[in-house]
Amino acid sequence: MASTTTVKLRPNTLNLDIPPSETGPDEYNWGYNCQFELGHAKKSMGWQKIFPDPGTPRPQFLINVLDEGNNYWIAACNDAILVTDTNAWFDITPTDGTWVAPVGANQWTGGVLNGRVVLNNGQSNPWYWSGNTGTPMVALPGWTAGVTCGAIRPFKYHLIAMNITTALGNFPDQVAWSSAAEPGGIPLEWIPSPTNDAGDLQLSATPVPIIDGAALRDQFVVYKQHSTYVLDYVGGTFVFSARKIFASSGILARNCVAEYEARHYVLTDGDIIAHDGQSLQSIARDRTRNSVFDSISADNFDRSFVALNAKDNEIMFCYPVDPVSNPSLALCYDVRTGSFGERAIGETRHMAWGTVTVTGSATDWDSATTSWDNAVGVWNAARYNAAEDGVLMADREWVYYLDASVDVDGVEQFFGVSKEFFDFGRPAENKTVVRVWPKVNRATTTTTLSFRIAATDTPSEAISYGPYYYFDPQTDEYIDAIISGRYISFQWAAYGGELGLVGFDVELNNSSSRY
């Protein structure tokens, strides 16, 4: 009997840009609903409806706020602003005559300052909410009537408004900040005077308008399409000073930046980057950047957004792919390991990280939308832990809780990865595969792993996979799959349940011939 050699393959990331035959043994060349955790692939979870149906208004932007022990989620919609205490929705749309609906998608910006939610959609003055479900949002005090801004964000005790439009016209380079708010309060003034620290400045050293901004440690970062600035708090007469940090890197659209562990992760107008306010790193170059920008919708790219999933130490770069208009795919970046995965996200307009609590919500037979085997949790137990943080999704029809289920409203999630045109470091030799040993963890009883294999003599040939082999992680140890060629391709797929694919061992016949 011929001797064999076993080669261990432990791919820990996707590489969608480099030709498959040029990638290393630690990279998959294709993946779907595949994320990476602690160095191995895992099947992406699904999502589950949360809170009552908001009705006709469909959420476009979500913010979480904790106020005096109460947990609120605010949903800015196309024709209303709603808030839920996790039991019911309340309409807090402004009734002071200032309400104007947003025009277009991805117009909402805002944040939380001193426990008060601030929202802006660029069509009217910004508003804030007092924290009372029976009280509508009202215009910011001291804001000049008729003035609008493209984006507004909180920073320290100030609100920062960007891309200002007045009766005199649009000032796309202008940044204006409010007076400092008292602890627990909202800023009261926006017009600079000797008795306050409100002010403004112009960032006109580079062309094109300001798009958005976000806090980063003790700095506030302002993004244009092709450049980036930092505001430093200096106090005194000037209050803030500005400096340009990146002359050729900006942001793709509103809400395309997330902060995590003192770095900003940004979807730019041609790259995916991380920076600390000083140095910039292209984290996706020669890995996934080309794949994203080749597939992103040219008509709807400005609906893209970036979301934090702190529970998994993950940043999600979410973007639309034709023919759908809203973001449908998320490139998932594991901050700890630098791994990239990709998952489907339905048609999601926005995601937000926050505290998830649902009083009295339980997993029972009457309320279930998933099967017994696919349920995450215990029957008749609370579905959401009162101390749990997570990601909520503003889907085009509902608010969903990401990763709360292995399926999507009872529809099983498909998982797939492939390692293509692998030559085992010996491209001139003909290899014969005799057996494959999948290394699986965290597989549920409903999970069946499918596998198929192909061989080619050159990395330019079309891959013609053979029949599927089915592997039951509960009972099987290996797959007998005999095939010969110089380049071997492997593909794995699964439906239903949970799955962690640590990697696979490949048993090769040693009687290989050299070409």
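Rules behind the numbers
- Residues numbered from 1 in each chain as written.
- Predicted model: local features only at pLDDT ≥ 70, side-chain atom pairs only at ≥ 80, totals over all residues.
- Heavy atoms only, no water.
- Helix = DSSP H or I, 4+ residues; strand = E, 2+ residues; numbered from the N terminus.
- Rg over C-alpha atoms; globule rule 2.2 N^0.38 Å.
- Buried < 20%, exposed > 50% of the residue type's maximum accessible area, 1.4 Å probe, protein only.
- Areas by Shrake-Rupley, 256 points an atom, 1.4 Å probe, with all protein chains shown as cover.
- Lys, Arg positive; Asp, Glu negative; His and termini not counted.
- Charge placed at Lys NZ, Arg CZ, Asp CG, Glu CD.
- Salt bridge = Lys/Arg side-chain N within 4 Å of Asp/Glu carboxyl O.
- Phe/Tyr/Trp six-rings, centres within 6.5 Å; stacked < 30°, edge-to-face > 60°.
- Lys NZ or Arg CZ within 6 Å of the ring centre and 35° of its normal.
- 1 Å grid on protein atoms, 1.4 Å probe; cavity = no way out; pocket = protein on both sides within 12 Å on 5 of 7 lines; lining within 4 Å.
- Points joined across faces, edges and corners; volume = space filled by probe spheres on them.
- Pairing = 2+ DSSP bridges.
- Axes fitted to C-alpha atoms, helices over the stretch in contact; angles between N-to-C directions.
- Contact = heavy atoms within 4.5 Å.
- Polar contact = N/O pair within 3.5 Å; in protein donor to acceptor, adjacent residues only side chain to side chain.
- pLDDT = per-residue confidence, 0-100.
- Core = buried A, V, L, I, M, F, W, Y, C linked by side-chain atoms within 4.5 Å.

(A) Representation of the overall build of the protein within the structure. Of regular secondary structure, the protein possesses 1 helix and 43 strands. The C-alpha radius of gyration computed for the protein amounts to 26 Å, which stays within 12% of the reference 24 Å derived for 515 residues, consistent with globular compactness. For the protein, the spread of C-alpha atoms along the principal axes amounts to about 90 × 55 × 35 Å. Going through the 515 residues of the protein one by one, you find that 55% of them count as buried. Carbon and sulfur atoms make up 49% of the accessible area of the protein, which amounts to about 20700 Å² in all. Looking at charge distribution, the protein has the averaged site of its 34 positive side-chain charges lying 6 Å from that of its 58 negative ones.

(B) Focus on the pattern of salt bridges. Here the structure, examined in full by the defined rule, presents 18 salt bridges. Notably, a salt bridge pairs R58 with D53, separated by 3.2 Å at the nearest N-O pair. Judged by relative accessible area, R58 falls into the partly exposed class, the value being 23%. By relative accessible area, D53 is classed as partly exposed at 39%. Two residues, D212 and R153, come together in a salt bridge whose shortest N-O distance is 2.8 Å.

(C) Structural detail: the packing of aromatic side chains. Throughout the structure, instances matching the rule amount to 24 aromatic pairs. With 6.1 Å between their ring centres and 85 degrees between their planes, F51 and W89 make a pair best called edge-to-face. Of this pair, F51 sits in the loop between β7 (47-49) and β8 (59-67) while W89 is found in strand β11 (residues 89-91), placing the two residues 38 residues apart along the sequence. Judged by its relative accessible area of 16%, W89 is buried. With a centroid separation of 5.1 Å and 90 degrees between ring planes, the pair formed by Y72 and W129 is classed as edge-to-face. Taken together, the positions of Y72 in strand β9 (residues 70-77) and W129 in strand β14 (residues 127-129) put the pair 57 residues apart, joining distant regions of the chain. Taking the relative accessible area as the measure of exposure, W129 reaches 2% and is therefore buried. Put simply, the rings of F422, F424, F451, Y469, F490, W492 and F504 pair up and form one aromatic cluster. Sitting over the ring of Y478, R435 keeps its end group 3.9 Å from the ring centre.

(D) View of the layout of surface pockets. Its boundaries defined by the atoms lining it, the largest pocket holds a volume of some 860 Å³. What lines the largest pocket is a set of 27 residues, and nearest its centre among them are G110, G111, R153, V257 and E259. For the lining of the largest pocket, the secondary structure elements donating two or more residues are β8, β12 (109-113), β16 (148-155), β20 (210-216), β24 (257-260), β28 (305-309) and β32 (348-355). In terms of residue count, β32 provides more of the lining of the largest pocket than any other element does, 5 residues in total.

(E) Up close: the pairing of strand β39 (residues 448-456). Inspection of the sheet shows β39 paired to strand β42 (residues 487-495) by 9 bridges, in the antiparallel sense. From the neighbouring strand, I453 faces β42, where its bridge partner is F490.

(F) Structural detail: the pairing of strand β21 (residues 219-224). Burial within β21 is extensive, with 6 of its 6 residues counted as buried. Burial of β21 is two-sided: the residues Q219, V221 and Y223 facing one way and the residues F220, V222 and K224 facing the other way are all buried. Strand direction decides the pairing type here: β20 and β21, joined by 6 bridges, are antiparallel. When the sheet's bridge partners are listed, L216 is paired in β21 with Q219. In this antiparallel pair of consecutive strands, β21 and strand β22 (residues 228-235), the connection spans 3 residues.

(G) Structural context of the sheet that holds β39. One open sheet holds the 5 strands; their spatial order is β4-β37-β42-β39-β40, and the pairing between them is antiparallel. The open sheet is flanked by β4 (30-32) and β40 (469-471), the only strands paired with a single partner. Neighbour-to-neighbour, the strand axes of this sheet turn through a mean angle of 15 degrees, independent of strand direction. Across 3 bridges, β39 lies against β40 in antiparallel orientation. Looking at β40, one finds that F451 is bridged to Y469.

(H) Structural view of the environment of H158. Within the secondary structure, H158 sits in strand β17 (residues 158-166). Sequence-wise, H158 and A352 are 194 residues apart; in three dimensions their C-alpha atoms are separated by 22 Å. Those residues within four positions of H158 in sequence are excluded, and the remaining contacts are L113, R153, W177, S178, S179, A180, D197, Y233, V239 and F240. At a separation of 2.7 Å, a polar atom in the side chain of H158 contacts the main-chain carbonyl oxygen of S178.

(I) Structural context of the confidence of the model for the protein. With 93% of its residues at a pLDDT of at least 70, the protein reaches an overall mean of 91. This model gives residues 359-385 a pLDDT under 50, and the stretch forms 53 contacts once residues within four places in sequence are excluded.

(J) Representation of the nonpolar core within the structure. Judged by nonpolar contacts, the single largest core of 35 residues is most densely connected at Y265, I272, I283, I315 and F317. Beyond its immediate sequence surroundings of up to four residues, F317 is in contact with Y265, V266, L267, I272, I283, F305, V306, L329, A330, L331 and Y333. Core analysis: the second largest hydrophobic core is formed by 31 residues, I50, A80, I345 and L402 among them.

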